[in-house]
Every structure is written in structure tokens, then in C-alpha cells.
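Geometric and topological summary
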Amino acid sequence: MGEKFSKPISNPLRNFSFFSSFKCSRSRQPSFYRNMSPQPSIFATLRRRDVPRPNEFIHLFSDCISAASARAQEYLSFKDPEDKFCPSPEVLTQVFLMTYIARSVDVNLQDDLNCTVMTPEQRILLGADWVWAVLERPTKNPKFQIVVQVLHLPEREEAENVSRETCSESIQMAQMESSNENVHERMVNFCTSIGKDCYALFLFFGKKKDKANIYGVLSNNFEAATGKCKIDRALIENFFKGSRYLHTPLGMMQAIMTRNRGEPITLMIKFS
């Protein structure tokens, strides 16, 4: 896009005296040679690069998410015959993130979409595990953002809470600061403070009736429930009950890209 193509290379042999003796005079050349228009060099054609199509990156992004979901699902659905190995929620989240980041680097996605992983303190204060930001060119300003919170099966989260070591002082301060709200409410408030171009994505690593797959609820309108009901796991998971259609990761991105600015949107997605 905006790339300048070089002009076709002229014949490099025409200036050599050795070949000049073989040249025919213009008057002796057949007429069909005189009428032929100059043709681009085949080497100039080979040097040209395809111009990226608009919004092509959403297909690459979808592929990266699908690869990360498939990899995380392998660990999510694994059952140790001896019942000795059970991946923790933290391991499952890291597997997803590492796979996504590795794949996005391979396809050079960083110029169009940024992934920011939260620190432990930020995860507590904001309720987010990471943020995807679609960037505008050439400013690299966020066009819209998807704030992600991973929800693991309750039995996995309980086991991890029991096994955690003593928290650091900064973690304890973050916990005290955010004690008035649950983790889901904190993320909704964080997204609301940014605006309608910020989407909350609750990513379920397994549900009650399907513990081996990854689902998501995405919306920029969760604040509508603020003050009317408690925003918790039960409320978020309840969105799937009234849903007749589950989007793919690609369908999710296409719905966001084609919506009118400021328009509320809520989607249910199956990632694996």
C-alpha cells in the first residue's frame, strides 16, 4: 500500500559493442517489430509485491486466535490416567497467550493489532488478563480495544487459590483497593471508562455442560446491567442460554468492524 514500484528495467545488453554489430538498421527491421510496444521486464514484474487488502489482518488475527484456542484446548481436555497432572488456570492462560503471541509474530500482525498483557497488580485492579488493540495507520492509535478476562472452571480456580503462596505487598495493596467490587465488575467498569469502542470479552475455558471447549461473551454494553443486577459469572454465562447462534472468531471481528460507531453489540463466540 503506497509502495512505489520501480520502472521496468531496460535491456542491459544494448550498450555492448559486441552485440551492436548484430543490430539491424531501423529501415531493415520487419514492420511487426516496429509496431510492438515496449514490454515490462519479467524481473520487474517479479519484484512487485501484492498490495494488502483492507482489513485483511482480521483473517490473520482470527487464525492466530484459532491456533491459540486449539493449543489451549489440548491441555484443557487432557485427562491423566493416573490423575497426577492437571494444568492450573495460570498454565492454561499462558499456553493460550504464548501460542497467540508466537503465531502473531510469525504473520507480522504487530503493525495492525497490539496485545498488552496485564501485570498481576493490573489483573486485580482492572479485572483484565490482556488487551487486544486494533491500531489505526499511520498513527498507531487504538481504533478499538478488546479487554479479555479468562474464566476457568470453578473447581480449577478453587484448587489454584488453595495452592497459592503468600502474596507480595503490592498484590495485597491491589486486593485491598479493589475489595468493593468483584473481578467481573472491575473489568466492566474499566471498559465503560474507555467508551463504546472498548469491548469486554469474557473467555470461558470450559463451561458446566461443556468443559473441554472455549467460549466467549463479548459486549460493549455490560454497563446497562450496572446497578440493576450483580455482574457475576452466573449472569455472564446466562447469555448462552438465550443464544441461537455462536460466532466464530472471524465472525466476531467482522461484526465489530462493520458496526456503526457507538452502536451497542453483544456476541456469543465459540473459539474451539
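Refer to the structure printed above.
Heads up: these notes are all about the structure in this document. Computed from a predicted structure; not experimentally measured.

What follows is about the nonpolar core. Ranked by size, the top nonpolar core spans 35 residues in total, and within it Trp 132 and Ile 146 carry the most contacts. Going through the elements one at a time, helix 4 (57-76), helix 5 (89-106), strand 2 (130-135), strand 3 (142-152), strand 4 (198-205), strand 5 (214-219), helix 11 (249-258) and strand 6 (266-270) are the ones with two or more residues in this core. Not counting the four nearest positions on each side in its chain, Trp 132 is found in contact with Phe 61, Ile 65, Phe 96, Tyr 100, Leu 113, Asn 114, Cys 115, Phe 144, Gln 145, Ile 146, Val 148 and Leu 201.

Moving on, we get to helix 5. Each α-helix winds once per 3.6 residues, and so residues spaced three or four apart point in a common direction. When the terminal C-alpha atoms of helix 5 are compared, their 26 Å separation across 18 residues agrees well with the 26 Å that a helix rising 1.5 Å per residue should span. Burial in helix 5 covers these residues: Pro 89, Leu 92, Thr 93, Val 95, Phe 96, Leu 97, Tyr 100 and Ser 104. A positive phi of about 60 degrees marks Asn 108, the residue just after helix 5.

Read across the sheet, six strands follow the order 1-2-3-4-5-6 without closing on themselves; strand pairing throughout is mixed. Each edge of the open sheet is held by one strand with a lone partner, namely strand 1 (113-117) and strand 6. Shown here is a sheet whose adjacent strand axes are inclined to one another by a mean of 20 degrees, direction ignored. With eight bridges connecting them, strand 3 and strand 4 associate as parallel partners. Bridging across to strand 4, His 152 finds its partner in Phe 205.

How each quantity is defined
Residues numbered from 1 in each chain as written. Predicted model: local features only at pLDDT ≥ 70, side-chain atom pairs only at ≥ 80, totals over all residues. Heavy atoms only, no water. Core = buried A, V, L, I, M, F, W, Y, C linked by side-chain atoms within 4.5 Å. Buried < 20%, exposed > 50% of the residue type's maximum accessible area, 1.4 Å probe, protein only. Helix = DSSP H or I, 4+ residues; strand = E, 2+ residues; numbered from the N terminus. Contact = heavy atoms within 4.5 Å. Expected span 1.5 Å × (residues − 1). Pairing = 2+ DSSP bridges. Axes fitted to C-alpha atoms, helices over the stretch in contact; angles between N-to-C directions.

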